[in-house]
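Structure assessment
Below, each chain spelled out in residue letters.
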Amino acid sequence: MKKLILTSFISSSIVLALTGCESSTVSHTVSKANDSVTAVAPPIAKKIAHETKIHGYVMQDNYHWLRDDSRSDPKVLAHLERENTYSDSILNSTQALQNTLFNEIKSRMVKDKRSVPVKDGKFFYFTETLGEQEYPSLYRSDNVSGKDAKLLFDMNIHAQGHNYYNIADFSISTNGDLLAYSEDTLSRRIYTIRVKNLVTGNTLSDELTGVQGGVVWSNDDKTLYYVKKDPVSLLGTQVFRHTLGTPQSADELVYNEKDNTYYTYISKSKGGEYVYIHHSSTESKGVSIIDANNAKAQPQRFIEREKGLEYSIAKLKDWFYISTNLNAVNFKLMKVHESQYSNKANWQTVIQHDSKEKFEDFALFDSHLVYKTRKMGQAYITIRDLASGKEHPLEFNDPAYLVNLTGNKELGNGAVRISYSSMTTPKTTFEIDLNTYTKAILKEAKILGDFNADNYASERIFVTARDGKKVPVSLVYRKELFKKDGTNPILQYAYGSYGYTRDASFSNSKLSLLDRGFVYAIAHIRGSQMLGRQWYEDGKKLNKKNTFNDFIDVTRALVKQGYADKDRVYAQGGSAGGLLMGAVVNQAPELYHGVHAAVPFVDVINTMLDETLPLTTNEYDEWGNPNEKVYFDYMRSYSPYDQVKTQDYPNMLVTTGLHDSQVQYFEPAKWVAKLREKKTDSNKLLFKVDMQAGHGGASGRYKSIKDRALHYAFFVELANGRL
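The rules we used
- Starting from 1, residues in each chain are numbered consecutively following that chain's sequence as written.
- Owing to the predicted nature of the model, reporting of local features is limited to residues with pLDDT of at least 70; listing and counting of side-chain atom pairs is limited to 80 or more, with chain, interface and lining totals taken over all residues.
- Excluded from the side-chain calculations are hydrogens and water; all other atoms, namely the structure's heavy atoms, are used.
- The secondary structure listing takes helices from DSSP runs of H or I that are at least 4 residues long and strands from runs of E that are at least 2 residues long, numbered from the N terminus.
- The quantity called the radius of gyration is restricted to C-alpha atoms. Its globule counterpart is 2.2 Å times the number of residues to the power 0.38.
- Surface exposure here means Shrake-Rupley accessible area, sampled with a 1.4 Å probe, where a residue is shielded only by the protein chains that are shown.
- For this count, His and the chain ends are skipped, Lys and Arg are scored as positive, and Asp and Glu as negative.
- Every charge is mapped to an atom, namely NZ of Lys, CZ of Arg, CG of Asp or CD of Glu.
- Only Phe, Tyr and Trp rings take part, Trp by its six-membered ring, and two of them pair if their centres are within 6.5 Å. Stacked means planes under 30 degrees apart, edge-to-face means over 60, and tilted covers everything else.
- Residue exposure (1.4 Å probe, protein chains only): buried if accessible area is under 20% of the type maximum, exposed if over 50%, otherwise partly exposed.
- Each helix should span, by expectation, one fewer than its residue count multiplied by 1.5 Å.
- Polar contact criterion, stated in full: a pair of N or O atoms within 3.5 Å, where within protein one must be able to donate a hydrogen and the other to accept it, and residues adjacent in sequence count only if both atoms are side-chain atoms.
- Axis definition: a line fit to C-alpha positions, over the contact stretch in the case of helices; interaxial angles, taken between N-to-C directions, run 0 to 180 degrees.
- Roughly parallel here means an angle under 35 degrees, roughly antiparallel means over 145, roughly perpendicular means 65 to 115, and every remaining angle is called oblique.
- In a left-handed crossing the near helix is turned counterclockwise from the far helix by less than a right angle, and in a right-handed crossing that turn is clockwise.
- The contact definition used throughout considers only heavy atoms, calling two residues in contact when any of these lie within 4.5 Å.
- Under the scheme applied here, ten amino acids are nonpolar (Ala, Val, Leu, Ile, Met, Phe, Trp, Tyr, Cys and Pro), four are charged (Asp, Glu, Lys and Arg), and all others, including Gly, are polar.
- At least two DSSP bridges between two strands are required for those strands to pair.
- Definition used in this section: a nonpolar core is a set of buried Ala, Val, Leu, Ile, Met, Phe, Trp, Tyr and Cys residues joined via side-chain atoms within 4.5 Å.
- Any Lys or Arg side-chain nitrogen located within 4 Å of an Asp or Glu carboxyl oxygen qualifies as a salt bridge.
- Known as pLDDT, the predictor's per-residue confidence is scaled from 0 to 100.

Counting its secondary structure elements, the protein contains 14 helices and 40 strands. Its C-alpha radius of gyration of 26 Å places the protein within 12% of the 27 Å reference for a compact globule of 723 residues. For the protein, the spread of C-alpha atoms along the three principal axes comes to 70 × 60 × 60 Å. For the protein, the accessible area works out to roughly 29,300 Å², and carbon and sulfur atoms hold 48% of it. Within the protein, one finds 90 positive and 85 negative side-chain charges whose respective centroids are separated by 2 Å.

What follows is the structure, given as structure tokens:
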């Protein structure tokens, strides 16, 4: 580890001298006056043949050597450092703009920021970040105003001495005296759980290492549950029960997941009666329950798991409420008495299935049900009186928006909280009385400076894809700078996998693009659930190419309809959205002037053949299993790494983190090396590796802005012909 950190501060030439790396060197000069580096040529990775034989086909991977699971191989680190040096030399001319963008975004932020207090048990909890602090602190108070609040945990103090710091979970014991927290100081999503005594302020000796983020207390205030990660695959597979004051080696294994296609998570019921163990695969989801009042209780299946059956549960009095796809592609809500839950025949329908409207979320209160649905891509919230069945829908005016149920932790609350934003409306937290429906604004996010929402406009349009499907697109722009005559640069974003739906929401940082004449578009392509569950089914496994085709067809339509300058179209996506970027630039590189692929999943076949990696066995239902020839052939036909061609490519910025546990750094490293080998253009191909970060990028509110400033400077300078 020490060697890894040291090399991140050593110039490429020194690393080469120390390691004797055999890869091609890069000529460069260093100016001591301003530390700028002028690269003569991009780094070229050495080719070393590595063969994989499968289905009668020989896959040759010349850049397999860039994989180093230990993150300590001097030759690999030297190559990554040379990529950083080269990228920095090219991007040096954008540094002034990066600084400008960073200061712009930061200047619009409220430095002293407090979240809305949320009641949980006897207290109200909130976080607050002050001044130049990178991280929030956790407080609690006896009242909703937060007056006379007590500081429970200061992340800034705990982050000292770490290049990266993240808290995955805070969990308060039932009596309110103990705080369990899980922290990661490497960005590998491998956490350590510690416990603080809130009465004395002391940290207990208990230390639980190698765990997933979640931690749940039993009701005896001395026992807690956590999920242990497999040290190789990094999957959470085992649920342990820990008694305070005892060593981790003595912890009791209460659940062991033997099916490696399932993820395992834990939570606690809203009323505190149960600890839930969630079993989640792509196409099957279920729950086991543990009596939280019995520290020796063993988990019981809610029902036996079934392939293709998905459900989640919540408890109200003597009833379990169940969101499920049981005979309901778009999901429905059911309920069952707690004495009869294990038999599906006893489940009763509360909200019927609707083939045109997807049931998405719900919150329970003593006498009310509040639920969220989605129709034609738009979300709706409805309040139902459980006694009378009377319903009241909530209305929103923007053409596209994000609305969620949030902070509703108490069954006895007389009001429901929701968060709302649109592409022109900053986040607002509302509280709505469940009986009178009167609405109170608890907090409106402030945007400092000269921001005026009236200066911006958003639209929701539908684009006809090549197979006739209508793809929703959300757009935003600054009114006075938008002409709809094909002269505006555009940044188009999408994700399109795992059923994740990216709604249209407000972004402070995007204002810096809109104020420079950019149009920003979100393409709600297949692979999400924007238009219901079938929209997802039509964008995975053997339908995956619909995701890529939709994105390309949206681009062509936006150019044709005058939203975009055909010579200044830019695209951005991360993780599985990075796969999208890789597929798009292979298929239609001529459409894009610049592309940013963040932590991109681009080596589909090699990753899905390696069961030691986190995104493999659990993802077979998303991508298919390449050990089966039908999936292998289909993956090979679109996998970005395998489909790199001898052709022109757009200007490209590829970013990753050395410690990424989700999409390993070597996927984009290999992809960039192959692109350098094959591409026939003189466009920029830049590869930035954060040597301290993982999948989520830099930690801290200001550090992450620096990353965004770099990405935006890449687009803006390209759009203005300066890069």
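What follows deals with the packing of aromatic side chains. The final tally for this structure, using the stated rule, is 34 aromatic pairs. Centroid distance Phe302 to Tyr341: 4.7 Å. Interplanar angle 15°. Geometry classified as stacked. Taken together, the positions of Phe302 in the loop between strand S20 (300–301) and strand S21 (311–316) and Tyr341 in the loop between strand S23 (332–337) and strand S24 (348–351) put the pair 39 residues apart, joining distant regions of the chain. For Phe302, a relative accessible area of 0% puts it in the buried group. Members of the aromatic cluster, each reached through a chain of ring pairs, are Tyr274, Phe302, Tyr311, Phe320, Tyr341 and Trp347.

On to helix H3 (residues 74–91). The end-to-end C-alpha separation of H3 is 25 Å, in line with the 26 Å expected for 18 residues at 1.5 Å each. Burial within H3 is extensive, with 15 of its 18 residues counted as buried. Where H3 begins, one side-chain oxygen reaches toward the backbone nitrogen of Lys75, 2.8 Å away; that side chain belongs to Asp73.

This next bit is on the environment of Asp220. Its location among the elements puts Asp220 in the loop between strand S13 (203–217) and strand S14 (223–229). A sequence separation of 74 residues divides Asp220 from Asn294, and the C-alpha atoms of the two residues are 8.0 Å apart. Side-chain polar atoms of Asp220 contact the side chain of Ser218, separated by 2.5 Å. Only 2.8 Å separates the side chain of Asp220 from the side chain of Thr223, close enough to count as a polar contact.

Turning to the packing of helix H4 (residues 95–108) against helix H14 (residues 701–719), a few remarks are in order. Look at H4 against H14: their axes get within 8 Å of each other, and the N-to-C directions meet at 130°. By the angle between their directions, the pair H4 and H14 is classed as oblique. As for the relative orientation of H4 and H14, their crossing is right-handed in sense. Judged by residue contacts, Leu97, Gln98, Leu101, Phe102, Ile105 and Lys106 of H4 engage Tyr702, Ile705, Lys706, Ala709, Leu710, Tyr712, Ala713, Val716 and Glu717 from H14. The class makeup of the residues in the contact of H4 with H14 is 11 nonpolar, one polar and three charged.

In contact at an axis separation of 10 Å, helix H8 (residues 545–560) and helix H9 (residues 576–587) are set at 65° when each is read in the N-to-C sense. The pairing of H8 with H9 is recorded here as roughly perpendicular in orientation. Where H8 crosses over H9, the handedness of that crossing is right-handed. Contacts between H8 and H9 pair Thr547, Phe548, Asn549, Phe551 and Ile552 from the former with Leu579, Leu580, Met581, Ala583, Val584 and Gln587 from the latter. Here the contact of H8 with H9 is built from residues that sort into eight nonpolar, three polar and no charged.

A separate point is the sheet that holds S24. Overall, antiparallel pairing links the four strands, which are arranged S21-S22-S23-S24 in an open sheet. Edge positions in the open sheet fall to S21 and S24, since each of these has one partner strand only. The average undirected angle you get between the axes of adjacent strands in this sheet is 30°. Across six bridges, S21 lies against strand S22 (residues 319–324) in antiparallel orientation. The residue of S22 that forms the bridge with Ala314 is Tyr321.

Ranked by size, the top nonpolar core spans 118 residues in total, and within it Leu475, Phe551, Tyr592 and Trp671 carry the most contacts. In contact with Tyr592, not counting residues within four places along its chain, are Phe551, Ile552, Thr555, Val569, Ala571, Val584 and Pro650. Among the nonpolar cores identified, the runner-up in size contains 18 residues, and Leu394, Leu405, Ile418 and Leu434 belong to it.

This part is about the pattern of salt bridges. Scanning the entire structure with this criterion turns up 42 salt bridges. Glu306 serves as the salt-bridge partner of Lys344, at 2.5 Å between the closest nitrogen and oxygen. Remark: Glu306 occurs in the loop between S20 and S21 and Lys344 occurs in the loop between S23 and S24; sequence separation between them is 38 residues. For Lys344, a relative accessible area of 27% puts it in the partly exposed group. Each of Glu283, Lys285, Glu310, Arg533, Glu537, Lys540 and Lys541 takes part in salt bridges that share partners, so that together they form one network.

The next point concerns unusual backbone geometry. At Arg71, a residue that is not glycine, the phi angle is positive and equals roughly 55°. Following the sequence through the fold, Arg71 ends up in the loop between strand S4 (57–60) and H3. Taking the relative accessible area as the measure of exposure, Arg71 reaches 4% and is therefore buried. A positive phi angle, close to 50°, is found at Asn327, a residue other than glycine. The residue Asn327 is located in the loop between S22 and S23 in this model.

This next bit is on the sheet that holds S13. The antiparallel open sheet is built from seven strands, whose spatial order is S10-S11-S12-S13-S14-S15-S16. Only two strands of the sheet have a single neighbouring strand rather than two, namely strand S10 (166–172) and strand S16 (252–256). Averaged over all pairs of adjacent strands, the angle between strand axes in this sheet comes to 35°, irrespective of strand direction. Sheet topology places strand S12 (residues 191–197) next to S13; four bridges connect them, and they run antiparallel. Each bridged residue has a counterpart across the sheet, and for Arg194 the counterpart in S13 is Glu207.

In this model, the protein carries a mean pLDDT of 92, and residues with pLDDT of at least 70 account for 93%. Ignoring residues within four places in sequence, the model shows residues 1–39, a span with pLDDT below 50, making 61 contacts including any to other chains.

Where strand S3 (residues 51–54) and S4 come together, four bridges link them in antiparallel fashion. Bridge pairing in S4 links Ile54 to Tyr57. Linking S3 back to S4 in an antiparallel pair, the connection comprises two residues, with His55 at a positive phi of about 55°.

What follows is about the pairing of strand S11 (residues 178–184). Burial of S11 is extensive: seven of the seven residues sit out of reach of the surface. Connecting the antiparallel pair S10 and S11 is a turn made up of five residues, with Gly176 showing a positive phi of about 80°. As defined by bridge partners, S11 adjoins S12 across six bridges and the pair is classed as antiparallel. Residue pairing for S12: Leu178 is matched across the bridge by Asn197. In this antiparallel pair of consecutive strands, S11 and S12, the connection spans six residues, and Ser187 shows a positive phi of 70°.

We now examine H8. For H8, built from 16 residues, the straight-helix expectation of 22 Å at 1.5 Å per residue is met to within 8% by its first-to-last C-alpha distance of 23 Å. Burial analysis of H8 places 12 of its 16 residues in the buried class, the great majority of the element. Taken together, the buried positions of H8 are occupied by Asn546, Thr547, Phe548, Asn549, Asp550, Phe551, Ile552, Asp553, Val554, Thr555, Ala557 and Leu558.

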